[in-house]
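# Understanding the architecture of this molecule
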Amino acid sequence: MTVVPTRTGTVSDRYRVRNAVLTVITYVIALAFLFPLVWMILAAFKTEAQAFQVPPVFAFTPTLENFQNALPTYFHALRNSLVAAIGSTLFAFILGLPAAFALAVYPTQRAQGVLTWMLSTKFMPAVGVIVPLFLLFRNLHLLDTLPGLILMYTTMNLPLVVWMMHSYMTEIPYAIYEAAKVDGASVAQEFFGIALPLSMPGVAATALLCLIFAWNEVFFALNLTNSEAAPLSVFIGQFKTSEGLFWAKMSAAATLTVLPVLIFGWVAQRQLVRGLSFGAVK
Amino acid sequence: MTAVLPTTVSGTAPAPKRGLRLTPAALIWPAMIYLIATTQVPFFMTVYYSFFRYNLVIPGARPFIGLENYRNLLTDPQNLHILWNTIVLAGGTLILTLIIGGALAMLLNRDFPGRTLLRTLLISSFLVMPIVTAVVWKNMLMNPVFGFFSWVVTQFGGQPVDWLAQYPMASVIAMITWEWTPFAMLILLTGLQSLPDDQLEAARLDGASPIQEFQHIVLPHWMQAIQVVVLMETIALLQVYGEIYGSTSGGPGIATTNLPYFIYQKAFAEYNIGLASAAGVLTVILTNVLAVYLLRLISRTRSSQGG
């Protein structure tokens, strides 16, 4: 809100005009960027005829019919997406939190190496592992099952959990741990009594990111699920052929699919930077 | 008894010195084993499969053919085109997102009404599921007859354009640029905001022009953020899949087929496990060579900046 007016004395009219022009440009670009999304959400409230109409309709009486039409098939995919996203996030935390804690509190020379190695698993393109995983899943009857999907999403999110929680946990002053040690606290007590409660904001931010990534994932979803365990990304993918397509219904389904992530992302936007850059830019 | 103890400790009943002792290694290994089992082991299996003629349609017969799959991959001009597509797609998108994201970051790094709201809204396209992006762009924006873009073109007196058929690669790049620009913007904006004001002040007092200011102060400070964008996007963009699956399915012909989509086709449409594996190995090598090179670059710049 309040600027630091370092140049108060020299603020000229020219400067003010320039600033106003730049602001207008910013708004125009922002509107252009948001347009595809706005267009999609608008179409969700149109009738099918209006959605296809040329020239495009901007003013119309909104209808909820599309949402009603999309909902029955949507719910099954929604359930799968929720289970896969929440399940994999929980799993990634169960495995990742202790590791992050150990790497933060008992930093050894190898700790940095372990962290780098974990990050490097992110360099592994999914296509580099999909073939054996597909065959393995087929033999273990994990294809088209939610546990199978959860397994893969855990792999995807685990490095993120370790990195982000490590960076949050190293920010806790070491003196607190030392005081606890003097009082005879066990490792578990340090973890549950100090590290975890003090890094709760980090847990929330990391969990949001994990949920977003798992929710939006496409590759594993398309190749490891079919119908039974198909999450929303697969469900929306069914709309890809335009023959006999219902744009309004598709828009309604897509709106319902992206809305939770949009809200999560807007809430966690500051943490996004940290999570997306693995803490390299803060 | 428990009422006296702090609530957080009451759950850990067993005496700390006896029984299971938690060492750092015991805390780290579960995560490591999990990652090894789900990334390193399958990758080595991919490498193994890549040496065989292995098609799921012909089970039983799985002859060892050495580097034959790799030779087939690298000598077929069509496959070289796919490799080229992968690089054009990633490189083109990367450059565009850096330019547009950088411009947006600079525009947002000023104070004006609605700035926070605008920044929040601008990250939206990054959060949209790739497949939704693809389906919405393909059908509602790029459709030659009913699409919004065609309507805009005809408003200006042009002919409707079948974007995905006539300019497939450019269309896909435009779509993915839309998706990834917020990422670049967000990271670059954070980089800009950490620039100390006094440096700019000093430069202005010394009479530096805006261009000199940008070149000598903003840009060097920005390098780290730029490198992070380059590294993260390179890794992600080499793996673009959902957008292509949802929009062009790699077509027309192989115009927008990249390595991940190619592997998907080989493995899941033709069941050619051997060839798909070899292509997977190549993708991993390509990604890692680029990632390691870019990481080196980053750590070098960082150490030259003195930490």
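Chain B is annotated in an unreviewed UniProt entry as ABC transporter permease of Deinococcus metalli. Recorded under Subcellular location (unreviewed entry), the UniProt text for chain B is reproduced unchanged: "Cell membrane". UniProt lists a comment for chain B under the heading Sequence similarities (unreviewed entry), and it reads "Belongs to the binding-protein-dependent transport system permease family."

Under an unreviewed UniProt entry, the name given to chain A is Mannitol ABC transporter permease, and the source organism is Deinococcus metalli. Under Subcellular location (unreviewed entry), UniProt gives the following word-for-word description of chain A: "Cell membrane".

### Quick word on the overall build of chain A
Along the backbone of chain A there are 13 helices and 0 strands. Its helices and strands in sequence order give chain A the pattern α-α-α-α-α-α-α-α-α-α-α-α-α, from N to C terminus. The globule rule puts the C-alpha radius of gyration for 282 residues at 19 Å, and the 24 Å found for chain A is more than 25% above it. Buried positions account for 57% of the 282 residues belonging to chain A. For chain A, the proportion of contacts with a sequence separation of at least 24, taken over those separated by at least 6, is 75%. Of the charged side chains in chain A, 15 are positive and 11 negative, and the gap between their average positions amounts to 11 Å.

### With respect to the UniProt feature "transmembrane region" (unreviewed entry) in chain B
Residues and elements named next belong to chain B. With numbering matched to this structure, UniProt assigns "transmembrane region" (unreviewed entry) to residues 27-51, 82-108, 120-137, 169-189 and 273-295. Counted over residues 120-137, helix gives 83% and strand 0%. Its end C-alpha atoms are 22 Å apart. As a span, residues 273-295 carries 100% helix and 0% strand, and end to end its C-alpha atoms are 32 Å apart.

### Section: the packing of aromatic side chains
Taken as a whole and assessed by the stated rule, the structure comprises 41 aromatic pairs over all chains. On the numbers, 4.6 Å between centres and 85° between planes, the contact of F219 of chain A with Y241 of chain B is edge-to-face. Within this pair, whereas F219 of chain A is found in helix α10 (residues 219-224), its partner Y241 of chain B is found in the loop between α11 (210-237) and α12 (242-246), the two belonging to separate chains. Here F219 of chain A falls in the buried class, since its relative accessible area comes to 8%. The class for Y241 of chain B is buried, based on a relative accessible area of 2%. Each member of the aromatic cluster is reached from another via a ring pair, and the members are F134, F219 and F220 of chain A together with Y241, Y245, Y261, Y264 and F268 of chain B. The ring of W39 of chain A carries K46 of chain A above its face, with NZ or CZ at 4.0 Å from the centroid. Here R62 of chain B stacks its cationic end above the ring of F52 of chain B, 5.8 Å away from the centre of that ring.

### Details of the UniProt feature "domain: ABC transmembrane type-1" (unreviewed entry) in chain B
What UniProt calls "domain: ABC transmembrane type-1" (unreviewed entry) maps, in this numbering, to residues 83-294 of chain B. End-to-end, the C-alpha atoms of residues 83-294 of chain B are 20 Å apart, and along that stretch the chain is 76% helix and 0% strand.

### Some details on the packing of helix α6 (residues 146-169) of chain A against helix α1 (residues 24-49) of chain B
At their nearest, the axes of α6 of chain A and α1 of chain B sit 10 Å apart, and the two run at 125° to each other. Put simply, α6 of chain A runs oblique to α1 of chain B. Relative to α1 of chain B, α6 of chain A is oriented so that their crossing is left-handed. In contact with L151, M152, T154, T155, L158 and P159 of chain A of α6 of chain A, α1 of chain B contributes A31, Y34, L35, T38 and T39 of chain B. Of the residues belonging to the contact of α6 of chain A with α1 of chain B, the class tally is 7 nonpolar, 4 polar and no charged.

### Considerations on the packing of helix α3 (residues 65-105) of chain A against helix α8 (residues 187-198) of chain A
Residues and elements named next belong to chain A. Direction vectors running N to C along α3 and α8 enclose 95°, while the axes themselves pass 11 Å from each other. With respect to α8, the axis of α3 lies roughly perpendicular. Across from L97, P98, F101 and V105 in α3, the residues of α8 making contact are V187, E190, F191, A195 and L196. A per-class count over the contact of α3 with α8 returns 8 nonpolar, no polar and 1 charged.

### Re the interface of chain B and chain A
Taken together, the contacts link 97 residues of chain B with 100 residues of chain A. Taken together, the two surfaces of chain B and chain A that pack against each other cover about 8900 Å², and 78% of this comes from carbon and sulfur. Considering only the surface of chain B that becomes buried against chain A, Y34, L127 and M140 of chain B emerge as the three largest contributors, covering 8% of it. At the junction of chain B with chain A, the criterion picks out 0 salt bridges.

### Focus on empty space enclosed by the protein
All chains considered together, the criterion is met by 4 cavities of 30 Å³ or more. Reported here for the largest cavity is a volume of approximately 1200 Å³. By residue number, the principal contributor to the lining of the largest cavity is α6 of chain A, which donates 5 residues. Of the residues contributing to the lining of the largest cavity, the split by class is 32 nonpolar, 8 polar and 4 charged. As a volume, the second largest cavity reaches approximately 80 Å³. Those elements that place two or more of their residues in the lining of the second largest cavity are α2 (68-75), α3 (77-108), α13 (259-268) and α14 (273-304) of chain B. The biggest single contributor to the lining of the second largest cavity is α3 of chain B, with 4 residues. Classifying every residue of the lining of the second largest cavity by side-chain character gives 9 nonpolar, 1 polar and no charged.

### Quick look at the UniProt feature "transmembrane region" (unreviewed entry) in chain A
Residues and elements named next belong to chain A. Following the UniProt record, the feature "transmembrane region" (unreviewed entry) maps to residues 21-45, 82-105, 117-137, 149-170, 191-215 and 246-268 here. Between the C-alpha atoms that bound residues 149-170 the distance is 32 Å, and the span itself is 95% helix and 0% strand. End C-alpha atoms of residues 246-268 are separated by 33 Å, and the span's content is 91% helix alongside 0% strand.

### A few points about the confidence of the model for chain A
Averaged over all residues, the pLDDT of chain A equals 87, while 94% of them reach at least 70. The spread of mean pLDDT over the elements of chain A runs between helix α2 (residues 48-52) of chain A, the lowest at 81, and α6 of chain A, the highest at 93.

### Some details on the environment of T225 of chain A
Residue and element names in this part refer to chain A. Tracing the chain through its elements places T225 in the loop between α10 and α11 (232-237). The spacing of T225 and G148 is 77 residues in sequence and 8.6 Å in space, taken between C-alpha atoms. In this structure, T225 is in contact with D144, L149, F220, A230, P231 and V234, ignoring residues within four places of it in sequence. Engagement of the side chain of T225 in a polar contact is seen with the backbone oxygen of A221, the distance being 2.5 Å.

Rules of the game
Residues numbered from 1 in each chain as written. Chains lettered and ligands numbered in written order. Predicted model: local features only at pLDDT ≥ 70, side-chain atom pairs only at ≥ 80, totals over all residues. Heavy atoms only, no water. UniProt positions renumbered as here; feature names shortened; annotations may be inferred. Helix = DSSP H or I, 4+ residues; strand = E, 2+ residues; numbered from the N terminus. Rg over C-alpha atoms; globule rule 2.2 N^0.38 Å. Buried < 20%, exposed > 50% of the residue type's maximum accessible area, 1.4 Å probe, protein only. Contact = heavy atoms within 4.5 Å. Lys, Arg positive; Asp, Glu negative; His and termini not counted. Charge placed at Lys NZ, Arg CZ, Asp CG, Glu CD. Phe/Tyr/Trp six-rings, centres within 6.5 Å; stacked < 30°, edge-to-face > 60°. Lys NZ or Arg CZ within 6 Å of the ring centre and 35° of its normal. Axes fitted to C-alpha atoms, helices over the stretch in contact; angles between N-to-C directions. Parallel < 35°, antiparallel > 145°, perpendicular 65-115°, else oblique. Left-handed = near helix turned anticlockwise from the far one by under 90°. Nonpolar A, V, L, I, M, F, W, Y, C, P; charged D, E, K, R; others polar. Buried area = accessible area lost by both parts, 1.4 Å probe. Salt bridge = Lys/Arg side-chain N within 4 Å of Asp/Glu carboxyl O. 1 Å grid on protein atoms, 1.4 Å probe; cavity = no way out; pocket = protein on both sides within 12 Å on 5 of 7 lines; lining within 4 Å. Points joined across faces, edges and corners; volume = space filled by probe spheres on them. pLDDT = per-residue confidence, 0-100. Polar contact = N/O pair within 3.5 Å; in protein donor to acceptor, adjacent residues only side chain to side chain.

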